[in-house]
Amino acid sequence: SKNINDLNIKRTLNLMKNRGPDCQKFKSQDINNNRVLFLHSRLSIIDLDERSNQPFEKDDLIIIFNGEIYNFLEIKKKLIKQGHTFRTNSDTEDIIEAYKKYREKCVNIFEGMWAFAILDKKKQTVFFSRDRFGEKPLYLLEIGGEIYFGSETKFIFSLLGKQVDLNYDKISKFLVCGFRALFKERSSFFSGIRELPPSTNLIVKNNFQKKEYKYWSLNYRPQRVNEIEVYEKIEELLFNSVKLRLRSDIPLAFCLSGGIDSSSLVAITKNIINSKIQTFSIIDSDQRYNESENIKEIVSFIKCENTIISTSRNDFLNNMEKIISYYS
């Protein structure tokens, strides 16, 4: 019910440019006595045309979406056979059409990474969802009868027009226990701001009734298989996954460390597309984490282009000073 002034909206869109420089837009929609305000900053990857800019509106639905649905072409083909029509080549429209068909169960057919919100004007609901492993962030704050959400906490502060108190308990646990303490619970470094958990849907009705539930969990069923079958299955799954993720209307690049995972992905991609591949590697001046020799071996073997980005303790301290300065 709160009116967010134009200055806060403009300032927030400007803050969001780091998430996507290609288009900044917002959409305001009144639903009875409440207002839904969607802001989006686009990084164009699939269907670069402005027709796919967000907030994306179709029929009685409006969506803002961060991520990528890798199997969108397969979903689109199936939905067209069932009578659905499309006006773009984007995966964003796929989510809309899949929601029309399956409602909140649409997430079960998605293979990808996502955090999105869909305003359903007919049902007067906002449907939030986060991908299975929480690759894409989604922060929520409920305060004064309002719900704020965003990919970063600073967008919430900007729309709210003020900062919220620090969560000293979370900060203390992080300083004592390190990274492993971050995801023990879904709270953030700020009081009242939490993450929507991975594999979770949240439906908010016009009267602010909420339904939050987990839509997926890993079902591990060990089977007796021989060593050759394991290798063959891993290779099959990896190649199929990489093929799906190579779909893009912009050039591809990889982060290449000296490890097996990134090296395997680069090698598989080279095998599939058989052309020049651009890679980037971060080299730490701390020798405990310096993998430059491994990276040189891989680059030489795969014959890919490689750009080195060096970091040092001073770089880290300078960045920390900037962060502390911003939040103070």
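Just so you know, these numbers come straight off a predicted model, no measurement behind them. (Residues numbered from 1 in each chain as written. Predicted model: local features only at pLDDT ≥ 70, side-chain atom pairs only at ≥ 80, totals over all residues. Heavy atoms only, no water.)

1. As for the overall build of the protein chain
Cut-off, in case you're wondering: Each helix corresponds to a stretch of at least 4 residues labelled H or I by DSSP, and each strand to a stretch of at least 2 residues labelled E; elements are numbered beginning at the N terminus. Only C-alpha atoms enter the radius of gyration, while the globule expectation follows 2.2 Å times N to the 0.38, with N the number of residues. Summary of the burial criterion: residues with accessible area below 20% of their type's maximum are buried, those above 50% are exposed, and those between are partly exposed, where the area comes from a 1.4 Å probe applied to protein chains only. When checking whether two residues touch, look at their non-hydrogen atoms; a contact exists if any pair is within 4.5 Å. Here the open area of atoms and residues is found with the Shrake-Rupley method and a 1.4 Å probe, where only the protein chains shown may cover a residue.
Helix and strand counts for the protein chain stand at 9 helices and 14 strands. A globule of 328 residues ought to have a C-alpha radius of gyration of about 20 Å, and the protein chain, at 22 Å, matches this closely. Counting only C-alpha atoms and orienting by the principal axes, one finds that the protein chain spans roughly 65 × 55 × 45 Å. Relative to its full complement of 328 residues, the protein chain shows a buried share of 41%. At a minimum sequence separation of 6, the contacts of the protein chain that also span at least 24 residues come to 59%. On the protein chain, roughly 19,700 Å² of surface is accessible, and the fraction owed to carbon and sulfur atoms is 52%.

2. Some points on the packing of aromatic side chains
Under the convention used in this document: Two aromatic rings, drawn from Phe, Tyr or Trp (for Trp, its six-membered ring), form a pair once their centres lie within 6.5 Å of each other, and the interplanar angle then sorts them: stacked below 30 degrees, edge-to-face above 60, tilted otherwise. In this scheme, Lys NZ or Arg CZ marks a charge over a ring once it lies within 6 Å of the ring centre and within 35 degrees of the ring normal.
In total, this model carries 10 aromatic pairs according to the counting rule given. Here F38 and F149 contribute two aromatic rings whose centre-to-centre distance is 6.1 Å and whose plane-to-plane angle is 90 degrees, an arrangement assigned as edge-to-face. Highlighted residues: F38 in strand β2 (residues 34-42) and F149 in strand β8 (residues 146-150), separated in sequence by 111 residues. For the residue pair F38 and F149, the accessibility class agrees, reading buried in each case. When the centroid spacing of 6.5 Å and the interplanar angle of 20 degrees are considered together, the rings of W114 and Y215 count as stacked. You can see W114 sitting in strand β5 (residues 112-120) and its partner Y215 sitting in the loop between β11 (210-214) and α6 (227-245), a full 101 residues away along the chain. Both residues of the pair, W114 and Y215, belong to the buried class. Of the aromatic side chains, those joined through ring pairs into one cluster are F38, F128 and F149. Its guanidinium or amino end placed over the ring of F86, K58 lies 5.4 Å from that ring's centre, counting from NZ or CZ.

3. Some thoughts on the sheet that holds β8
Let me state the cut-off plainly: Pairing between strands requires that DSSP locate at least two bridges from one strand to the other. Each axis is a line fitted through C-alpha atoms, and for a helix only the stretch in contact is used; angles between axes span 0 to 180 degrees, taken between their N-to-C directions.
In space, the 3 strands of this open sheet follow the order β8-β7-β9, with antiparallel pairing throughout. The open sheet has two edge strands, β8 and β9 (193-195), and neither has a second partner. Between one strand axis and the next, the sheet turns by 25 degrees as a mean value, whatever way the strands run. Pairing analysis gives 3 bridges linking strand β7 (residues 139-143) to β9, with the strands arranged antiparallel. The partner of Y139 across the bridge, within β9, is E195. Contacts between helix α4 (residues 153-160) and the sheet are confined to β7, β8 and β9, with β7 contributing the most and set at about 30 degrees to the helix.

4. Let's talk about helix α8 (residues 292-302)
This is how it is decided: Here, the arc refers to the directions that run from the helix axis to the C-beta atoms.
Among all positions of α8, only I295, I298, V299 and I302 are buried. Burial along α8 is one-sided: seen end-on, the buried residues are contained in an arc of 100 degrees. With respect to the buried face of α8, the exposed residues turned more than 90 degrees away are E293, K296, E297, S300 and F301. Considering only its buried residues, α8 is in contact with α7 (260-273), β13 (278-284) and β14 (305-311). Backbone geometry just downstream of α8 places K303 in the positive-phi region, at approximately 65 degrees.

5. Considerations on the environment of L73
Here L73 lies in helix α2 (residues 72-81). On a C-alpha basis, the gap between L73 and S292 in space is 38 Å, while along the polypeptide they are 219 residues apart. What L73 contacts, discounting residues up to four positions off in sequence, is D94 and R247.

6. As for the environment of R180
Formally: Pairs of N or O atoms within 3.5 Å make up the polar contacts considered here, provided that, within protein, one atom can donate a hydrogen while the other can accept it, and that residues adjacent in sequence are counted only when both atoms are side-chain atoms.
Here R180 lies in the loop between α5 (168-177) and β9. Looking at R180, the relative accessible area reads 64%, which means it is exposed. At 3.1 Å, the side chain of R180 and the backbone oxygen of C177 are in polar contact.

7. Thoughts on the packing of helix α1 (residues 6-15) against α4
Worth spelling out the cut-off: Each angle receives one of four descriptions, namely roughly parallel if under 35 degrees, roughly antiparallel if over 145, roughly perpendicular if within 65 to 115, and oblique otherwise. Take the far helix as the reference: if the near one is turned anticlockwise from it by less than a right angle, the crossing is left-handed, and if turned clockwise, right-handed.
One can describe the packing of α1 onto α4 by two numbers: an axis separation of 8 Å at closest approach and a directional angle of 165 degrees. One element, α1, and the other, α4, form an angle in the roughly antiparallel class. Relative to α4, α1 is oriented so that their crossing is right-handed. On the side of α1, the interface is formed by N8, I9, R11, T12 and L15, while α4 contributes K154, F155, S158, L159 and L160.

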